[in-house]
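# Structural overview
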Amino acid sequence: MPNLTIADLDFDLIKSNLKTFLREYRDKNNAPIFTDFDFEGSNWSILLDVLAYNTHMNAYLANMILNEMFLDSAVKRASAVSLAKHLGYTPLSTRSSRATVTFNVTNPTGSPNFLTLEKFTPFNTIVEGTTYTFVNLDPITIQPNNGVYTFENVEIVEGLPLEYVFRVNVPGPGEKYVIPNNDIDTTTLRVNVQKSFSDTTLTTFNQSLTISKINGESKVYFLEENPLENYEIYFGDGIIGKKLESGNLIRVLYLISNGSLSNVADFIEQRFDCAVNIGGGTIENIITVTNSHGGSAKEDINSIRYNASRFVTANDRAVTAEDYKNHLVILR
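So, here's what we can say about the structure. (Residues numbered from 1 in each chain as written. Predicted model: local features only at pLDDT ≥ 70, side-chain atom pairs only at ≥ 80, totals over all residues. Heavy atoms only, no water.)

With that out of the way, let us pick up the layout of surface pockets. There is about 180 Å³ of room inside the second largest pocket. Taken together, V193, Q194, K195, T201, T203, F205, K219, K242, K243, L244, E245 and N248 make up the lining of the second largest pocket. Only β9 (184–194) and β10 (202–207) provide two or more residues apiece to the lining of the second largest pocket. Of the residues belonging to the lining of the second largest pocket, the class tally is three nonpolar, four polar and five charged. (1 Å grid on protein atoms, 1.4 Å probe; cavity = no way out; pocket = protein on both sides within 12 Å on 5 of 7 lines; lining within 4 Å. Points joined across faces, edges and corners; volume = space filled by probe spheres on them. Helix = DSSP H or I, 4+ residues; strand = E, 2+ residues; numbered from the N terminus. Nonpolar A, V, L, I, M, F, W, Y, C, P; charged D, E, K, R; others polar.)

Below, the structure is given as structure tokens:
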């Protein structure tokens, strides 16, 4: 039997090689066995087209599959995310822009000794004609100074607060809880576990970036991104991380972010307003200490390729200066 040149995977070259194969296929008397395959209008030509097309498509498919198996050659972001997961790396989510403001509260009811700015108090600003809402992530309590209530250097974060509640059915790391919004800022994620519907006792769980120094009672959760670009959380098995109980309620609180759209350059005078009363008093004289900055889109595939490989190189330790740089990038 004649040989085929298997390295040629272009459609025309495949068909040409098949013709060569048929042309050189002869009987013991050296007479050609097949004829008419060089005639484009023949049935042979149609069969060769089908064979060449099928071979070409299979070669392309095999090449794509092989590319998606390696982080540095993956074309699809979902493939890069999956491969990064094997290295223990979670791609960065959308990041909200942050600003710092100082303001006074006038005429609170009863002139109290303490005044609290509740979490998620909304502050609005306009950036290029669009209104964005910023909130404080934690409550802040102050005392008056000579009768003046001043909240100084309050960090506010852009985004819409949302809470999602999951019910635990099968405790353990096998049950994962998918956060339905893919534009969340995971740095604003707050996870609390409620005992049950009737028992509203809450226990705070914190994200774990490593399994070192974690035991079966550690109140931690783990975060990863799935192929649909949604983040999901899961909990321990009682050996690495505390295991939840069936019937527990997981309350997940987070901000949906607009990323870099609400960033404002330093040379622009940014203004915020707030219509919420605090203790019956009015917020006045809002001074922008630092303009909103730091907002960014979800990590793209090129950044995942770069950071994931360096994350596993550092391997949860920092010995060289380059290790510290890599950890700072990952934790930003």
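Having put the structure on the table, let's press on.
As a further point, take the nonpolar core. Residues F103, V105, F123, F151 and I156 are the most contacted members of the largest nonpolar core, which totals 20 residues. At the level of elements, β1 (98–106), β2 (115–117), β3 (122–127), β4 (130–135) and β6 (149–158) are the ones that each hand at least two residues to this core. Once residues within four sequence positions are removed from consideration, V105 is found in contact with L115, Y149, F151, I278, G281, T282 and I283. Ranked by size, the runner-up nonpolar core spans 19 residues in total, among them V168, Y177, I179 and Y221. (Core = buried A, V, L, I, M, F, W, Y, C linked by side-chain atoms within 4.5 Å. Buried < 20%, exposed > 50% of the residue type's maximum accessible area, 1.4 Å probe, protein only. Contact = heavy atoms within 4.5 Å.)

Before going further, it helps to spend a moment on the environment of E152. You can see E152 is positioned in strand β6. A relative accessible area of 59% places E152 in the exposed class. Excluding residues within four positions of it along the chain, E152 makes contact with V101 and T102.

To continue, consider the sheet that holds strand β15 (residues 281–293). Overall, antiparallel pairing links the six strands, which are arranged β3-β4-β6-β1-β15-β14 in an open sheet. In this open sheet, the two strands that pair with only one neighbour each are β3 and β14 (277–278). Two elements, β1 and β15, share seven bridges in a ladder whose sense is antiparallel. Bridge assignment links N104 to a residue of β15, and that residue is E284. (Pairing = 2+ DSSP bridges.)

Below, the discussion takes up helix α1 (residues 11–23). Along its 13 residues, α1 runs 18 Å from first to last C-alpha, staying within 8% of the 18 Å computed at 1.5 Å per residue. Within α1 the residues assigned to the buried category are I14, K15, N17, L18, K19, F21 and L22. (Expected span 1.5 Å × (residues − 1).)

Another point: a nonpolar patch on the surface. On the surface, I211, I239 and I240 cluster together to form a nonpolar patch covering roughly 290 Å² of accessible area. Among the structural elements, I240 can be located in the loop between β12 (231–235) and β13 (249–256). (Patch = residues over 30% accessible without salt bridge, like charges linked within 9 Å, V, L, I, M, F, W, Y side chains within 5 Å. Areas by Shrake-Rupley, 256 points an atom, 1.4 Å probe, with all protein chains shown as cover. Salt bridge = Lys/Arg side-chain N within 4 Å of Asp/Glu carboxyl O.)

Phi angles above zero are rare outside glycine, and S111 is one such case at about 45 degrees. Residue position: S111 is located in the loop between β1 and β2. The backbone of N153 shows a phi angle near 50 degrees, a positive value even though the residue is not glycine. If you trace the backbone, N153 turns up in strand β6.

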